[in-house]
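The lines below spell out each chain.
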Amino acid sequence: MSATGTARGVGLAPPRDPAQRKADVLGRLETARYAWLATGGEPGAHLVPLGCVWDGARLVMATRQQYVTVRNLRRRSECRVALGDPADVVLIDGAVEIVAHRDLPPGAPGVLADLPVNPTRVPGCVYLFLTPRRILAWRHRGEIPGRTVMTRGRWVV
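Residues numbered from 1 in each chain as written. Predicted model: local features only at pLDDT ≥ 70, side-chain atom pairs only at ≥ 80, totals over all residues. Heavy atoms only, no water.

Visitor: What's the story with the side chain of Asn72 in this structure? I'm lost.
Guide: Summarising the element assignment, Asn72 is placed in helix H2 (residues 68-75). On the basis of relative accessibility, which here comes to 3%, the residue Asn72 falls in the buried class. (Helix = DSSP H or I, 4+ residues; strand = E, 2+ residues; numbered from the N terminus. Buried < 20%, exposed > 50% of the residue type's maximum accessible area, 1.4 Å probe, protein only.)

This is the structure we're talking about:
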C-alpha cells in the first residue's frame, strides 16, 4: 500500500474508528439472515451455512441434532462464525449452547420464529445459541490494525 492509502491504484476508505465498527457490526448482526458456522471434530474442520437471527445478545441458529455440526459442538462448544463478504468481514468466536425447543425458557426471544429452519416446525432440530466472546471486523487491509471490536465478551468501545 502506498503512502496515499491506495493499493494497486484502488483507493481505500479511511479506517473506521472503533465506535463506527461496533455500530456496523451490530447493524450486520441485526440484519444477517445467514452465517457460516465453523466447528472442529474428529475428521477435522467442518463449515456449514446456517440461517441465523440476533436476539440482542446472542446469534441464534438451528440445525438437525444428528448433523456433524451438533456432534462437534457437543464435544467442544467453541466455534467461529463468519458474516459478510471479503469486503466487509465480521468474525465471531464464542461458545454455543444447544437447546431443544421443549427446553426453551418461558419468554424466549420472539425472533426465533424468523429462523428458516425452525425447531417448532422441523422435528429433530435444535437451537444453537452463540454467545460472542471475540468479534473481529474489517473492510480492507487498512482496517486490520484495530480489527478486534470485542474481547473476552466485552466491546472494546
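Visitor: I'm lost on helix H1 (residues 18-31) in this one. Help?
Guide: Because the α-helix completes a turn every 3.6 residues, residues three or four places apart line up on one side. Its 14 residues give H1 an end-to-end C-alpha distance of 20 Å, which sits within 8% of 20 Å, the value for a rise of 1.5 Å per residue. Arg21, Val25 and Leu29 are the residues of H1 that are buried. Taken end-on, H1 shows its buried residues confined to a sector of 75 degrees, consistent with a single buried face. In this structure, H1 carries Glu30 and Thr31 as exposed residues pointing more than 90 degrees from its buried face. The N-cap residue of H1 is Asp17: its side-chain oxygen and the backbone nitrogen of Ala19 are 3.1 Å apart. (Expected span 1.5 Å × (residues − 1). Arc of directions from axis to C-beta. Polar contact = N/O pair within 3.5 Å; in protein donor to acceptor, adjacent residues only side chain to side chain.)

Visitor: Which parts of the structure should I look at to understand the environment of Glu143?
Guide: With respect to the element layout, Glu143 can be found in the loop between strand S8 (125-138) and strand S9 (148-151). Taking the C-alpha atoms as reference points, Glu143 and Leu12, separated by 131 residues in sequence, lie 9.9 Å from one another. Setting aside its immediate chain neighbours within four residues, Glu143 contacts Pro14, Pro15, Arg16, Arg21, Ala137 and Trp138. There is a polar contact of 3.0 Å between the side chain of Glu143 and the backbone nitrogen of Arg139. (Contact = heavy atoms within 4.5 Å.)

Visitor: What should I look at first to understand the pattern of salt bridges in this one?
Guide: Side-chain pairs of opposite charge can arise whenever the charged atoms involved come near each other. Following the criterion strictly, the structure yields nine salt bridges and no others. Asp24 is the partner of Arg139 in a salt bridge, and the nearest nitrogen-oxygen pair spans 3.2 Å. With Arg139 in the loop between S8 and S9 and Asp24 in helix H1, the pair connects residues that are 115 residues apart, well separated along the chain. Looking at Asp24, the relative accessible area reads 22%, which means it is partly exposed. Between Arg134 and Asp93 there is a salt bridge, with the nearest N and O atoms lying 2.9 Å from each other. Of this pair, Arg134 sits in strand S8 while Asp93 sits in strand S7 (residues 88-100), placing them 41 residues apart in sequence. Taking relative accessible area as the criterion, Arg134 reaches 32% and is therefore assigned partly exposed. One salt-bridge network, in which partners are shared between bridges, spans Arg16, Asp24, Arg28, Asp88, Arg139 and Glu143. (Salt bridge = Lys/Arg side-chain N within 4 Å of Asp/Glu carboxyl O.)

Visitor: Sorry if this is basic, but what is going on with the packing of aromatic side chains here?
Guide: How two aromatic rings sit relative to each other is given by the distance of their centres and the angle of their planes. Following the criterion strictly, the structure yields one aromatic pair and no others. When the ring of Tyr127 is compared with that of Phe129, the centres are 6.0 Å apart and the planes differ by 45 degrees; the resulting orientation is tilted. Note on Tyr127: relative accessible area 1%, which makes it buried. Overall, the relative accessible area of 4% leaves Phe129 in the buried class. (Phe/Tyr/Trp six-rings, centres within 6.5 Å; stacked < 30°, edge-to-face > 60°.)

Visitor: Where do I start with unusual backbone geometry in this structure?
Guide: Among all residues except glycine, the phi angle is most often negative; among peptide bonds, the trans geometry is most common. Here Arg152, not a glycine, exhibits a phi torsion of approximately 50 degrees, which is positive. In this fold, Arg152 is placed in the loop between S9 and strand S10 (154-155). On the basis of relative accessibility, which here comes to 74%, the residue Arg152 falls in the exposed class.

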